[in-house]
Amino acid sequence: RCAGRVEVQHGGHWGTVCDDDWGLPDAAVVCRQLGCGAALAAPSGAWFGEGSGPIWLNGLRCRGTEERLALCRHRGWRPHVCAHEEDASAVCSGGLRYPPTHGSQGPVLALTPASLPGGPTVRLVGATGRCAGRLEIFHAGHWGTVCDDLWGLPDAEVVCRQLGCG
């Protein structure tokens, strides 16, 4: 259930990770950091669709034991010359074997899942953990916020289910 394109927030902007040198040890760190269990696969080639914005990381060389992606060796935090058709992805077991990293240093990390048939891609940003924050929705190639007019608990429950947060 925890699966999608790997996205990181750096300097207040979301971006993707290039799949150059991407492998299972890198996906293992992503899954651990998000509290999504063990890594099952590390698809390359924008398996879950192409992202947008900067490509913040390239040439990741995780050992697979790091607590956060920011602790892995890489070619630096900057926009890289890499096409979004090379966006890295991770597929996790979905079991919450590892507690989410709260209050950690470094960038925010998220998996942006492929859209469900007939449904938009959503994410929660601006808080610790992947299951809390401001709701954003991906539409027409851009992330935007959702107005809270008439928003209620039933709406929040749908988002939580869609994100695998209970």
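An unreviewed UniProt entry annotates the protein as Deleted in malignant brain tumors 1 protein originating from Aptenodytes patagonicus.

## Thoughts on the nonpolar core
Core analysis: the largest hydrophobic core is formed by 23 residues, its most contacted members being Val6, Val17, Trp22, Val30, Leu60, Leu69 and Leu109. When residues of this core are traced back to their parent elements, those giving at least two are strand E1 (3–10), helix H1 (24–34), strand E4 (55–57) and strand E5 (89–92). With six residues, the top contributor of residues to this core is H1. Excluding its chain neighbours within four sequence positions, the residues that come into contact with leucine 60 are Val17, Asp20, Asp21, Trp22, Asp26, Leu69, Cys72, Arg73 and His74. Counting five residues, the second-largest nonpolar core is a separate cluster that includes Leu124, Leu135, Val159 and Leu163.

## Points about the pattern of salt bridges
One pass over the structure, following the stated rule, counts five salt bridges. Arginine 75 is the salt-bridge partner of aspartate 21, the closest N and O atoms lying 3.2 Å from each other. Linking aspartate 21 in the loop between strand E2 (13–17) and H1 with arginine 75 in the loop between E4 and E5, this pair joins segments that are 54 residues apart in sequence. For arginine 75, a relative accessible area of 42% gives the class partly exposed. In this structure, glutamate 66 and arginine 63 form a salt bridge, with 3.6 Å as the shortest nitrogen-oxygen distance. Relative accessible area serves as the criterion here: at 64%, arginine 63 is assigned to the exposed category. Members of the salt-bridge network, linked through shared partners, are Asp21, Arg61 and Arg75.

## As for unusual backbone geometry
Located in the positive-phi region is alanine 46, a residue other than glycine, with phi close to 50°. When you line up the elements, alanine 46 lands in the loop between strand E3 (39–41) and E4. Located in the positive-phi region is leucine 150, a residue other than glycine, with phi close to 65°.

## Details of the state of the cysteines
In this structure the tally under the stated criterion is three disulfides. Here cysteine 18 connects covalently by a disulfide to cysteine 82, the sulfurs 2.0 Å from one another. Looking along the S-S bond of the cysteine 18-cysteine 82 disulfide, the torsion reads about 70°, which is the right-handed sense. Of this pair, cysteine 18 sits in the loop between E2 and H1 while cysteine 82 sits in the loop between E4 and E5, and the two are 64 residues apart along the sequence.

## Details of H1
Within H1, nine of the eleven residues are buried, leaving the element largely enclosed by the surrounding structure. All buried positions along H1 are accounted for by Asp26, Ala27, Ala28, Val29, Val30, Cys31, Arg32, Gln33 and Leu34. At the C-terminal side of H1, glycine 35 shows a positive phi close to 70°.

## Regarding the pairing of E2
Taking burial as the measure, the five residues of E2 include four buried ones, the bulk of the element. Direction of pairing for E1 relative to E2: antiparallel, over a ladder of four bridges. Looking at the pairing, glutamate 7 lines up with threonine 16 of E2. Direction of pairing for E2 relative to E4: parallel, over a ladder of two bridges. Bridging from a neighbouring strand, threonine 16 pairs with isoleucine 55 of E4.

## Focus on the side chain of aspartate 26
Its place among the elements puts aspartate 26 in helix H1. Here aspartate 26 sits buried without a salt bridge, and the closest side chain of opposite charge, arginine 61, lies 7.5 Å off (N-O distance). With sequence-adjacent residues up to four places away left out, aspartate 26 is seen in contact with Asp21, Leu60, Arg61, Cys62 and Leu69.

The rules behind these values
Residues numbered from 1 in each chain as written. Predicted model: local features only at pLDDT ≥ 70, side-chain atom pairs only at ≥ 80, totals over all residues. Heavy atoms only, no water. Core = buried A, V, L, I, M, F, W, Y, C linked by side-chain atoms within 4.5 Å. Buried < 20%, exposed > 50% of the residue type's maximum accessible area, 1.4 Å probe, protein only. Helix = DSSP H or I, 4+ residues; strand = E, 2+ residues; numbered from the N terminus. Contact = heavy atoms within 4.5 Å. Salt bridge = Lys/Arg side-chain N within 4 Å of Asp/Glu carboxyl O. Disulfide = S-S within 2.5 Å. Pairing = 2+ DSSP bridges. Lys, Arg positive; Asp, Glu negative; His and termini not counted.

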